[in-house]
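# Structural characterization, general
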Amino acid sequence: MIVDRNAVKQEVPIDPATGKPYLNTVAAIQVSAAGVGSEVSPYVSQAIEVIRESGLPQETNALFTNVEGNLDDVLKVAGEAAKKLAEQGYRTSLVLHMDIRPGFTGQLTEKPRLVDEILSKQQQ
């Protein structure tokens, strides 16, 4: 399978383990509890723990935890992270932004690398 970053449409790979299409997804996930006061870190950390335990590639920054994997797996972990707080009775906010790009993997590191490469060429 040939992957072309500039192609509008890609061939969709089939996951040999499941026989289903593999829809690679990079997602920014933000989960928080409402009405708990000015410091939400103790609640956010519970959601992040769920994401980290999922085994999906992930990285946490100041506002989101970025995750990469098959679409179904990413949606599942986002839901489980939100449920971690909601099932405790907290009003829970879930923000989810996704880039679904069949045929690509490793985009958590590749996207920033490409941006850095473009910026370094502009500075020359």
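Here the structure is shown first, and the text comes after it.
These lines cover the structure that appears in this document, whether it is placed above or below. (Residues numbered from 1 in each chain as written. Predicted model: local features only at pLDDT ≥ 70, side-chain atom pairs only at ≥ 80, totals over all residues. Heavy atoms only, no water.)

### Some thoughts on the layout of surface pockets
Rolled over the atoms, a probe sized like a water molecule indicates the empty space that remains. As a reminder, the rule being used: Put simply, the grid is 1 Å and covers the protein atoms alone, a cavity is a trapped set of points that fit a 1.4 Å probe, a pocket is an open set with protein on both sides within 12 Å along at least five of seven lines, and lining residues have an atom within 4 Å of a point. Grid points are joined across faces, edges and corners, and a volume is the space filled by probe spheres set on the points. Side-chain classes are defined by residue name, with Ala, Val, Leu, Ile, Met, Phe, Trp, Tyr, Cys and Pro counting as nonpolar, Asp, Glu, Lys and Arg as charged, and the others, Gly among them, as polar.
Here the largest pocket defines a volume of roughly 150 Å³. Looking at the lining of the largest pocket, its residues break down into nine nonpolar, five polar and no charged.

### Section: the nonpolar core
So the rule is basically this: What makes a nonpolar core is a set of buried Ala, Val, Leu, Ile, Met, Phe, Trp, Tyr and Cys residues whose side-chain atoms join them at distances within 4.5 Å. Accessible area is worked out with a 1.4 Å probe on protein chains only. A residue is then buried under 20% of its type maximum, exposed over 50%, and partly exposed in between. Secondary structure follows DSSP: runs of H or I at least 4 residues long count as helices, runs of E at least 2 residues long count as strands, and numbering of each begins at the N terminus. Contacts were defined at the residue level, with two residues in contact if any of their heavy atoms lie within 4.5 Å.
The biggest cluster of nonpolar side chains holds 15 residues, and the ones touching the most others in it are Ile29, Val31, Ile51, Val67, Val77 and Ala81. At the level of secondary structure, the elements contributing two or more residues to this core comprise strand S1 (24–34), helix H1 (41–53) and helix H2 (71–86). In terms of residues, this core owes the most to one element, H2, which gives five residues. Filtering out sequence-adjacent residues up to four positions away, Val77 remains in contact with Ile29, Val50, Ile51, Ser54, Leu56 and Val67.

### Quick look at the environment of Val3
Among the structural elements, Val3 can be located in the segment before S1. Sequence separation between Val3 and Glu53 is 50 residues; the distance between their C-alpha atoms is 30 Å.

### Notes on H2
Threshold: Each residue after the first adds 1.5 Å to the expected span of a helix. Think of it as the arc spanned by the lines of direction from the helix axis to the C-beta atoms.
Here H2 is 16 residues long and its end C-alpha atoms lie 22 Å apart, about the 22 Å a rise of 1.5 Å per residue gives. Where H2 is concerned, the buried positions are Leu71, Val74, Val77, Ala78, Ala81, Ala82 and Leu85. Taken around the axis of H2, the buried residues stretch over an arc of 140°, which confines them to a single face. Exposed side of H2, more than 90 degrees from the buried face: Asp72 and Lys76 are the residues found there. Buried residues in H2 make contact with S1, H1, strand S3 (65–70) and strand S4 (91–100).

### Examining the pattern of salt bridges
Applicable threshold: One speaks of a salt bridge when a side-chain nitrogen belonging to Lys or Arg is within 4 Å of a carboxyl oxygen belonging to Asp or Glu.
Following the criterion strictly, the structure yields five salt bridges and no others. For Lys76, the salt bridge goes to Glu80, with nearest N and O atoms at 4.0 Å. Of this pair, Lys76 and Glu80 both sit in helix H2, four residues apart, roughly one helical turn. Across the pair Glu110 and Arg113 runs a salt bridge, and its minimum N-O distance is 2.7 Å. Here Glu110 pairs with Arg113, and both are found in helix H3 (residues 107–122), just three residues apart, close to one helical turn. Among the ionic contacts, a cluster of salt bridges with common partners joins Glu110, Arg113, Glu117 and Lys121.

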